[in-house]
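Geometric and topological summary
The primary structure of each chain is shown beneath.
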Amino acid sequence: MASVLSYESLVHAVAGAVGSVTAMTVFFPLDTARLRLQGVVNVLLTTPLWVVNTRLKLQGAKFRNEDIVPTNYKGIIDAFHQIIRDEGILALWNGTFPSLLLVFNPAIQFMFYEGLKRQILKKRLKLSSADVFIIGAIAKAIATTVTYPMQTVQSILRFGRHRLNPENRTLGSLRNVLYLLHQRVRRFGIMGLYKGLEAKLLQTVLTAALMFLVYEKLTAATFTVMGLKNTGKH
């Protein structure tokens, strides 16, 4: 036991810790890139499922827009078959570009959360549960509002059965993102980009606020158990 707790062992432990910290610092950008790449891969793999899911959910709905082409899918397999047959296999990745941009939604959320948190901690010694809940809700509301136009375009592209005027062509190309944004603003005004935002905020804001509250409580409990000082007091 004495040999384990010897000065030599302590030197090795400190050297190992310094080496670990150095390696983590040097390679942290690569780790960040890996996480971003995982998000991109996830989008590419799941977009076809979301396209089919969106179309099946909207099938049978009555649209006031006559430019929208109705669908008649008998199930998931038939939907895949019809989309590939009528629109080409790339139509399964409609909405990929907006989805890739939406990967930054959590980054925007955490950026505002940490910024608001730091501002409050300048005036107080610690955050209350109400503080965490409120700033978590505000951060998510900002992130959702900023990215919502892309979510609108994403939904339109995933549905896909929309004709481009005046050529009367079926929508199925990522290059039409700017066209859709322009058409949306021209027909409904700038607020047309935010139709349905209220429901989206109700869906996401409370969930995110609760998530941040649980996150802070678990972080505080972990620091307490480990006997460490938590600089982000709450």
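The name given to the protein in an unreviewed UniProt entry is Peroxisomal membrane protein PMP34 isoform X2, with the source organism recorded as Chrysochloris asiatica. On record in UniProt, under Sequence similarities (unreviewed entry), the comment for the protein is "Belongs to the mitochondrial carrier (TC 2.A.29) family." Here is the UniProt Subcellular location (unreviewed entry) comment for the protein, exactly as written: "Peroxisome membrane".

Comments concerning the nonpolar core
With nine residues, the main nonpolar core is built from Leu-102, Met-150, Val-153, Ile-156, Leu-157, Val-177, Leu-180, Leu-181 and Leu-193. Counting residues per element, the ones that place at least two in this core are α5 (129-159) and α6 (177-188). In terms of residue count, the dominant contributor to this core is α5 (four residues). Discounting chain neighbours no more than four positions away, the residues touching Leu-181 are Pro-149, Met-150, Val-153 and Leu-193.

Some words on the packing of α5 against α6
What describes two packed helices is the angle between their axes and the distance between those same axes. With their axes 10 Å apart at the nearest point, α5 and α6 run at an angle of 110 degrees to one another. Between α5 and α6, the crossing angle belongs to the class labelled roughly perpendicular. Seen from above, α5 lies across α6 with right-handed handedness. Across the interface between the two elements, Pro-149, Met-150, Thr-152, Val-153, Ile-156 and Leu-157 from α5 touch Val-177, Leu-180, Leu-181 and Arg-184 from α6. Class assignment for the residues of the contact of α5 with α6 results in eight nonpolar, one polar and one charged.

Conventions and cut-offs
- Residues numbered from 1 in each chain as written.
- Predicted model: local features only at pLDDT ≥ 70, side-chain atom pairs only at ≥ 80, totals over all residues.
- Heavy atoms only, no water.
- UniProt positions renumbered as here; feature names shortened; annotations may be inferred.
- Core = buried A, V, L, I, M, F, W, Y, C linked by side-chain atoms within 4.5 Å.
- Buried < 20%, exposed > 50% of the residue type's maximum accessible area, 1.4 Å probe, protein only.
- Helix = DSSP H or I, 4+ residues; strand = E, 2+ residues; numbered from the N terminus.
- Contact = heavy atoms within 4.5 Å.
- Axes fitted to C-alpha atoms, helices over the stretch in contact; angles between N-to-C directions.
- Parallel < 35°, antiparallel > 145°, perpendicular 65-115°, else oblique.
- Left-handed = near helix turned anticlockwise from the far one by under 90°.
- Nonpolar A, V, L, I, M, F, W, Y, C, P; charged D, E, K, R; others polar.

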